[in-house]
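If you want the building blocks of each chain, they are given just below.
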Amino acid sequence: MIKEMISVIIPCYNLDKYLSKCLDSVLKQTFDNLEIIAVDDGSTDNTPDILSQYAASDNRVVVISQKNSGAGNATNAGITYAKGDYLAFVDNDDWIEPSMYEMLHTALTSNDADMAVCNFNLIYDDHINYCYSNIRDGVVNIYDNVYSYFCNYCACPKPNNYIWSRLYKASILKNSGIRFEEFNLGADTLLNFKLLPLLNRVSFINDGLYNYVQRSDSSVYTAAKISNIAQVYADSFEALAEYYSIKGFNEFLSVLPIHAFTRLRSTFFYSRLAGMDDEAILESIKKSFTGRKISDYLTGAIS
């Protein structure tokens, strides 16, 4: 019997300092039937050389090189290439625990789930927040209660809506045509929420198996500083609402007020991260949300 394969997609751009630790953690997985797709998004540091060395020493590593076009496009290139039964994603400055994919694969297959999700650790220079997100072991049938799923897993105080904490059935994601859009913030959240109506069962693991490095110069922090965050979230919310409407996902449209609240909360979080004071944040929200779908759904949430 041929063992199922997991395709691990790693978009890479100018982080040669962290790349070897990331790649080593994937190569040392206890689930070893892996296809590791490293997409070099036009790096100008030593990233191409490091990737070439790894590809030469382990035939599981595949390198795709492209002109710089953003993490979303790099990830999409990996999805197109991937040949595995399941898809996983890793950021090139993070690392994963040795048993991550074995545990996620077992949680997914043993529970006949479409996706498995693990907890994660926030890695700071001087401390670690272990098992950060509010999830617990178990299996959830999304369509049993869509409202409950949104409240408990998407709008909780410490949500887990990242792509890298998940193992996806490749057929569902590939056949859906859903791909990453070039939003500076929240592109993975948008993809996950678009994919959600296509899933039936999700399996959760409370173990912190992914290590999410918190760097002051990371892409998230940089994007927060240069973006009109309220505008970005208003645009991504609009894209999600339009998608649900076009596809006729009415159960999910009905719970968008909950998601609108989380986008508002995230606007404050990332705006403060970017150094904005609350008065400026409120003014930005007023300008960016007024007349948009997110404002309509927020009004519905409190009316």
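Sequence positions are assigned chain by chain, starting from 1 and proceeding in written order. Predicted model: local features are reported for residues with pLDDT of at least 70 only, side-chain atom pairs are reported and counted for 80 or more only, and whole-chain, interface and lining totals are derived from all residues. Water and hydrogen atoms were dropped before computing side-chain values, which therefore reflect all heavy atoms in the structure.

1. Some thoughts on empty space enclosed by the protein
It is a probe the size of a water molecule, rolled over the atoms, that shows where empty space is left. Both site types are read off a 1 Å grid over the protein atoms alone. A 1.4 Å probe that fits but cannot get out defines a cavity, while an open set with protein on both sides within 12 Å along at least five of seven lines defines a pocket; lining residues have an atom within 4 Å of a point. Grid points are joined across faces, edges and corners, and a volume is the space filled by probe spheres set on the points. Counting across every chain of the model gives two cavities of 30 Å³ or more. The wall of the largest cavity is formed by M115, Y149, C154, N161, R166, N192, F193 and L196. Note on residue categories: nonpolar means Ala, Val, Leu, Ile, Met, Phe, Trp, Tyr, Cys or Pro, charged means Asp, Glu, Lys or Arg, and polar means any other residue, Gly included. Taken together, the residues of the lining of the largest cavity break down into five nonpolar, two polar and one charged. As a volume, the second largest cavity reaches approximately 40 Å³. Lining the second largest cavity we find G186, T189, L190, F193, S236, F237, L240, H259 and R263. Note on conventions: DSSP H or I runs of at least 4 residues are helices, E runs of at least 2 residues are strands, and numbering of each starts at the N terminus. When residues of the lining of the second largest cavity are traced back to their parent elements, those giving at least two are α7 (187–195), α9 (229–247) and α11 (256–273). Looking at the lining of the second largest cavity, its residues break down into four nonpolar, four polar and one charged.

2. So, α11
Taking 1.5 Å of rise per residue, the 18 residues of α11 would be expected to cover 26 Å, and the 25 Å separating its terminal C-alpha atoms lies within 8% of that figure. At the C-terminal side of α11, G275 shows a positive phi close to 95°. Expected span of a helix: the number of residues minus one, times 1.5 Å.

3. Looking at the pairing of strand β4 (residues 86–89)
On any regular strand, side chains alternate: one points to one face of the sheet, the next to the other face. Under the scheme applied here, a residue whose accessible area is under 20% of the maximum for its type counts as buried, over 50% as exposed, and between as partly exposed, the area being computed with a 1.4 Å probe on protein chains only. Residues Y86 and A88 point to one face of β4 and L87 and F89 to the other, with burial holding for every one of them. Only when DSSP finds a minimum of two bridges between them are two strands counted as paired. Here four bridges tie strand β1 (residues 6–12) to β4, and the two strands are oriented parallel to one another. Across the sheet, the residue bridging to I6 is Y86, located in β4. Bridge count between β4 and strand β9 (residues 166–169): two bridges; the pairing is antiparallel.

4. Overview of the packing of helix α5 (residues 146–154) against α11
The geometry of α5 relative to α11 is characterised by a closest axis approach of 10 Å and an angle of 15° between their N-to-C directions. For the element pair α5 / α11, the angle class is roughly parallel. Relative to α11, the crossing made by α5 is left-handed. In contact with Y147, F150, C151 and C154 of α5, α11 contributes I258, H259, T262 and R265. Residue classes in the contact of α5 with α11 are distributed as five nonpolar, two polar and one charged. The axes are straight lines fitted to the C-alpha atoms, using for helices just the contacting stretch, and the angles between their N-to-C directions are given from 0 to 180°. Angles are sorted into four bins: roughly parallel if under 35 degrees, roughly antiparallel if over 145, roughly perpendicular if 65 to 115, and oblique for all others. Note: crossing handedness is left-handed where the near helix turns anticlockwise from the far helix by less than a right angle, and right-handed where it turns clockwise. Residue contacts follow a heavy-atom distance rule, with two residues in contact if any of their heavy atoms lie within 4.5 Å.

5. So, the side chain of D40
Structurally, D40 can be placed in strand β2 (residues 34–41). Note on charges: Lys and Arg go in the positive column, Asp and Glu in the negative column, and His and the chain ends are not counted at all. What counts as a salt bridge is simple: a side-chain nitrogen of Lys or Arg found within 4 Å of a carboxyl oxygen of Asp or Glu. This buried residue, D40, is left without a salt bridge; K67 holds the nearest opposite charge, at 13 Å. Two N or O atoms count as a polar contact when they lie within 3.5 Å, although within protein this holds only if one can serve as hydrogen donor and the other as acceptor, and sequence-adjacent residues are included solely when both atoms are side-chain atoms. Among the polar contacts listed, one links the side chain of D40 to the side chain of S43, at a separation of 2.7 Å. With near-sequence residues (within four places) excluded, D40 lies in contact with C12, T47, P48, L51, I64, S65 and Q66.

6. Quick word on the side chain of S133
As for its position among the elements, S133 is in the loop between β7 (128–129) and β8 (138–141). A relative accessible area of 4% places S133 in the buried class. Among the polar contacts listed, one links the side chain of S133 to the side chain of N119, at a separation of 2.8 Å. Excluding anything up to four places from it in sequence, S133 contacts N119, F120, K158, P159 and N160.

7. Overview of the nonpolar core
By convention a nonpolar core is built from buried Ala, Val, Leu, Ile, Met, Phe, Trp, Tyr and Cys residues, the set being connected through side-chain atoms within 4.5 Å. In terms of nonpolar packing, the biggest core is built from 57 residues, with L87, F89, Y149, F150 and Y244 touching the most fellow members. Counting residues per element, this core draws most heavily on α9, at eight residues. The residues contacting Y244, other than those within four sequence positions of it, are F150, F193, K194, P197, F249, F252, L253 and L256. Counting residues in each nonpolar core, the second largest holds 37 residues, with L34, Y86, L167 and Y212 among its members.

8. Considering the pattern of salt bridges
Side chains that carry opposite charge are capable of pairing whenever their charged atoms lie near each other. Under the definition given, this model contains seven salt bridges. Where K169 meets D114, a salt bridge forms, and the shortest distance between an N and an O atom there is 3.7 Å. Here the residue K169 occupies a position in strand β9, and D114 occupies one in the loop between α4 (100–110) and β6 (115–123), the gap between them amounting to 55 residues. On the accessibility criterion, K169 (24% relative accessible area) is partly exposed. Taking relative accessible area as the criterion, D114 reaches 11% and is therefore assigned buried.

9. Quick word on the state of the cysteines
Two cysteine sulfurs form a disulfide in these notes if their separation is within 2.5 Å. What the rule picks out here adds up to zero disulfides. The thiol sulfur of C12 is not disulfide-bonded, and the nearest other cysteine sulfur, from C22, lies at 6.9 Å. The thiol of C151 is not disulfide-bonded; the next cysteine sulfur, from C154, is found 8.9 Å away. The class for C151 is partly exposed, based on a relative accessible area of 28%.

10. Description of unusual backbone geometry
Trans peptide bonds make up the majority, and among non-glycine residues the majority have a negative phi. In this structure, D112 is a non-glycine residue whose phi angle is positive, near 50°. Residue placement: D112 occurs in the loop between α4 and β6. Residue class for D112 comes out exposed when judged on its relative accessible area of 55%. Unusually for a residue other than glycine, C131 sits at a positive phi of about 45°.

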